[in-house]
Amino acid sequence: MRRPSWVPEGTDLDKPNAARVYDYYLGGSHNFEVDREMARKALALWPELPQIMRSNRAFLRRAVTFLAEQGITRFLDIGSGIPTFGAVHEIARAVRPRAKVVYVDRDPVAVAHSRLLLEGDPDSAVVQADLRDVEDLLGRPEVAALLAEGEPVAVLLVAVAHFVSDDEDPWKLVGTIRDRLPAGSALALSHASLEARPDQAEDHQKLYRMTPTPLTMRTNEQVTAMFAGFRLVEPGVVPLPRWRPDQPGTVGEHPERIAGVAGVGFRP
């Protein structure tokens with residue numbers, strides 16, 4: 001296969017990659033046939049995946065826009081994937097033209113793609129780090145600089161905490177990040193919901209146990225507990241389509257069928 005210009009040297013084009021599969025679900029163009037084939041197999045087991053992924057991405061857009069409108073100009077996107085389809089820096093800069101963004105992902109392929117795509121952008125940085133090793137993540141120079149300026153920072157944990165097992169204690173990890181944030185900072189978080197589709201929850205988790213990134217779906221109460229120390233803004237932790245929709249009439253009759261919940265909170 002001929003290597004497109006946006007693909008970094010050394011990328012294995014014969015193996016599917018989770019970040020590129022996600023891009024495919026979103027309708028993006030930064031994916032290959034091997035990624036699309038993996039996606040088709042997943043869709044045979046879980047037909048709602050593209051709708052869920054797009055709803056999650058729509059929440060990210062609305063949350064970043066809301067936070068930028070509140071005056072935040074610094075964003076830490078943990079578990080960012082490839083910043084192509086509705087990237088945080090593009091969304092934030094539509095409101096705050098000099099917004100700074102640090103993208104963090106543990107996937108070396110996603111990081112390599114991101115660095116190539118953001119080359120020459122002085123207000124964006126890309127870091128390879130893992131939420132589960134939170135001290136290492138927070139100690140990276142790019143992250144430390146973002147947090148050290150004294151201005152509020154929006155931390156984005158969008159569809160990432162459910163890849164942290166209970167044994168790895170995502171509540172403690174989020175709390176560690178919270179304690180390093182300047183006053184007035186914010187957390188935007190979305191998470192796979194155990195209660196949304198109880199009839200399908202186990203099948204969903206079985207699907208992800210077949211991948212290197214197993215999924216732990218959680219209750220609304222467990223997700224809300226991740227906002228300890230933050231002041232939740234209305235409407236609280238709710239199904240993805242219900243978090244401040246652009247047009248309330250488009251939410252639909254059963255937003256809970258989108259197997260994810262989301263919320264935004266500020267640190268006093």
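In this report, the structure presented in the accompanying data block is examined. (Residues numbered from 1 in each chain as written. Predicted model: local features only at pLDDT ≥ 70, side-chain atom pairs only at ≥ 80, totals over all residues. Heavy atoms only, no water.)

Another aspect to go through is the side chain of Asp123. If you trace the backbone, Asp123 turns up in the loop between helix H5 (108-117) and strand E3 (124-128). Within polar-contact distance, the side chain of Asp123 engages the side chain of Lys100 at 2.9 Å. Not counting residues up to four positions away in its chain, the partners in contact with Asp123 are Arg93, Arg98, Ala99, Lys100 and Val101. (Helix = DSSP H or I, 4+ residues; strand = E, 2+ residues; numbered from the N terminus. Polar contact = N/O pair within 3.5 Å; in protein donor to acceptor, adjacent residues only side chain to side chain. Contact = heavy atoms within 4.5 Å.)

This part covers unusual backbone geometry. Note the cis peptide between Glu234 and Pro235, where omega equals 10°. Tracing the chain through its elements places Pro235 in the loop between strand E6 (231-232) and strand E7 (238-239). Not every positive phi belongs to a glycine, and Ala159 is a case in point at roughly 55°. Position of Ala159 relative to the elements: it lies in the loop between strand E4 (154-158) and helix H8 (170-180). If you check the backbone angles, Arg244 has positive phi at about 45° while not being a glycine. Tracing the backbone through its elements, the reader meets Arg244 in the loop between E7 and strand E8 (260-266).

We now examine the pairing of strand E2 (residues 100-105). Remark: a regular strand shows side chains that alternate across the two faces of the sheet. Here E2 lies mainly inside the structure; five of its six residues are buried. Across five bridges, strand E1 (residues 74-78) lies against E2 in parallel orientation. Bridged to Phe75 within E2 is Val101. Two elements, E2 and E3, share five bridges in a ladder whose sense is parallel. The residue of E3 that forms the bridge with Val102 is Ala125. For the crossover that starts at E2, traverses H5 and ends in the parallel E3, the hand is right-handed. (Buried < 20%, exposed > 50% of the residue type's maximum accessible area, 1.4 Å probe, protein only. Pairing = 2+ DSSP bridges. Right-handed = clockwise from strand over helix to strand, strands pointing away.)

The next thing to look at is the pairing of E8. Counting buried positions along E8 yields seven of seven residues, so the element is predominantly enclosed. Of the two faces of E8, the one lined by Gly260, Ala262, Val264 and Phe266 and the one lined by Val261, Gly263 and Gly265 are each fully buried. Bridging between strand E5 (residues 186-192) and E8 involves seven bridges; their strand directions are antiparallel. What sits directly across from Ala188, in E8, is Val264. Note that E6 and E8 share two bridges and pair antiparallel. Among the inter-strand pairings, Leu232 is bridged to a residue of E8, identified as Gly265.

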